[in-house]
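An overview of the molecular structure
Spelled out from the first residue to the last, the chains are:
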Amino acid sequence: MKAVILDKTGGADNLRYDDAPDPTPTGDRCIVRVHAAGVCFRDIIDRRGGFPGLKLPVILGHELAGEVVEVGPDVRNRKVGDRVVNLHRSACGSCRQCAAGRPMFCETSFEYFGATIDGAYAELVSAPEGTLVTLPDAIAWADAAPLCCTAGVALQAIRGRAQVQAGERVLVTGASGGVGHQAIQLLKHLRAEVIAVTSSQSKEQALRDLGADHVLVPQRLDAYHKELQYHLGAGGVDAVLEIVGSVTMNASMRVLRPGGRMIVIGNVEGGRVELNPGQLILFGRSVHGSAGCTSSDLNEVLGLVERGALKPPTTARLPLSDAAEAHRRLETKGVTGRIVLEPPAP
């Protein structure tokens, strides 16, 4: 098969498009023919060496949509021909976290697509059966591939962690990326007031078209709170979906109302943050991390897309051989939404 292989961490030129051995269907594994693979900023972080558990060489990519072409001897609920999308990682189903409905924090299974096991930048991928979710026929491959890591992640953060209620004011940093693209729509679906923060003036109208009530393009991302106060006045926001991470976190803390919640979803630069405990103590603010989503989250998202209530984040499609170019575009902030890679037809 053809695949994009990372032999050593570093720049986009380290992505090698080459032949790789076809995976075989062992145990509870399904072999999935990849029809579309999303390109996430997490892939760039992994490529640069930001994930300490990364195995090398590795095939990157944790967002896929495809068709089951082979099944292992222990597979029970999948068959050849099934259309599927994937969750980020496997889960044991029986540890404390899995039993509590939080399989994305499984304590015993550590198989992450594109990091500890080979991922979606390939014609074929070996996927544990439990990571696969049925894809409705009405949803195109390219639209489906990024939905777990964008809409699924956003839904888990919005409802599972922030517990956003109708009428609340919610701010989204990094709003023009794939997660932000979906978060805006989901927040409007919940009847929240949405403030979108982006670093690019050219992306303002696209964010308004998605439903953002206010769009802020600050001169300095790390001090956006000052301009937000100028535009919206006092009062702050009930919740922040922090997608950028270390660059904007201090500003995000300052825009929270007393009792406000910050949900940290991403950390693009991988930097550290100094936190003043007084912000939490005096104003009752809270900070929560959020990663991945459940199969129920993903099924709900697929239903919304199928009904036309959620516009998928895919805005560009490139051949799999152009994975390095996709990374360069994402690194230079030349993307609104998601780029999807498409392997050659079999």
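To be clear, the structure that these remarks concern was listed above.
All of the points below concern the structure found in this document. Everything numeric here is computed off the predicted structure, so don't read it as measured data.

Conventions and cut-offs
Residues numbered from 1 in each chain as written. Predicted model: local features only at pLDDT ≥ 70, side-chain atom pairs only at ≥ 80, totals over all residues. Heavy atoms only, no water. Pairing = 2+ DSSP bridges. Helix = DSSP H or I, 4+ residues; strand = E, 2+ residues; numbered from the N terminus. Buried < 20%, exposed > 50% of the residue type's maximum accessible area, 1.4 Å probe, protein only. Salt bridge = Lys/Arg side-chain N within 4 Å of Asp/Glu carboxyl O. Contact = heavy atoms within 4.5 Å. Polar contact = N/O pair within 3.5 Å; in protein donor to acceptor, adjacent residues only side chain to side chain. Core = buried A, V, L, I, M, F, W, Y, C linked by side-chain atoms within 4.5 Å. Axes fitted to C-alpha atoms, helices over the stretch in contact; angles between N-to-C directions. Parallel < 35°, antiparallel > 145°, perpendicular 65-115°, else oblique. Left-handed = near helix turned anticlockwise from the far one by under 90°. Nonpolar A, V, L, I, M, F, W, Y, C, P; charged D, E, K, R; others polar.

1. A few points about the sheet that holds strand β4 (residues 58-59)
Ordered in space as β2-β1-β4, the 3 strands form an open sheet in which the pairing is antiparallel. This sheet does not close on itself; its edge strands, each paired only once, are β2 (15-19) and β4. Of the strand pairs in this sheet, strand β1 (residues 2-6) and β4 are connected by 2 bridges, and their pairing is antiparallel. Along β4, the bridge assignment pairs Ile5 with Ile59.

2. A word on the pairing of β1
With 4 of 5 residues buried, β1 lies mostly within the body of the structure. Sheet analysis places β1 next to β2, joined by 5 bridges and oriented antiparallel. The partner of Ala3 across the bridge, within β2, is Asp18.

3. Things to note about the pattern of salt bridges
Scanning the model with the defined rule gives 24 salt bridges in all. Notably, a salt bridge pairs Arg169 with Glu193, separated by 3.3 Å at the nearest N-O pair. Pair noted here: Arg169 is in strand β9 (residues 169-172) and Glu193 is in strand β10 (residues 193-197), with a separation of 24 residues, a long-range link. Overall, Arg169 belongs to the buried group, its relative accessible area being 14%. Judged by its relative accessible area of 23%, Glu193 falls in the partly exposed class. Here Asp222 and Arg220 are joined by a salt bridge, their closest N and O atoms 2.9 Å apart. Relative accessible area serves as the criterion here: at 38%, Asp222 is assigned to the partly exposed category. By relative accessible area, Arg220 is classed as exposed at 51%. The structure contains a network of salt bridges with shared partners spanning Asp13, Glu325, Arg328 and Arg329.

4. Remarks on the environment of Leu304
You can see Leu304 is positioned in helix α10 (residues 295-306). Under the relative-accessibility criterion, Leu304 is labelled buried at 4%. With 115 residues separating them in the primary sequence, Leu304 and His189 have C-alpha atoms 10.0 Å apart. If we skip the residues at most four places from it in the chain, Leu304 touches Leu186, His189, Ala309 and Leu310.

5. Topic: the side chain of Ser90
Within the secondary structure, Ser90 sits in the loop between β6 (83-86) and α2 (96-99). Note on Ser90: relative accessible area 6%, which makes it buried. Reaching out from Ser90, the side chain makes a polar contact with the side chain of Ser109 at a distance of 2.4 Å. Here Ser90 is in contact with Cys106, Ser109, Glu111, Pro128 and Thr131, once residues within four sequence places are set aside.

6. Focus: the nonpolar core
Counting 48 residues, the largest nonpolar core has Leu187, Leu241 and Leu298 as its most contacted members. Listing elements by their share of this core, those giving two or more residues are α3 (141-144), α4 (148-161), β9, α5 (178-189), β10, α6 (204-210), β12 (237-242) and α10. Counting residues per element, this core draws most heavily on α4, at 7 residues. Those residues within four positions of Leu298 in sequence are excluded, and the remaining contacts are Val85, Asn86, Leu87, Val133, Leu147, Cys148 and Cys293.

7. Some remarks on the packing of α4 against α10
Close contact between α4 and α10 brings their axes to 9 Å; oriented N to C, the two are set at 115 degrees. In terms of axis orientation, α4 runs roughly perpendicular to α10. Considering only the axes of α4 and α10, their crossing is right-handed. Across from Cys148, Ala151, Gly152, Leu155, Gln156 and Arg159 in α4, the residues of α10 making contact are Asp297, Leu298, Glu300 and Val301. Along the lines of polarity and charge, the residues of the contact of α4 with α10 split into 5 nonpolar, 2 polar and 3 charged.

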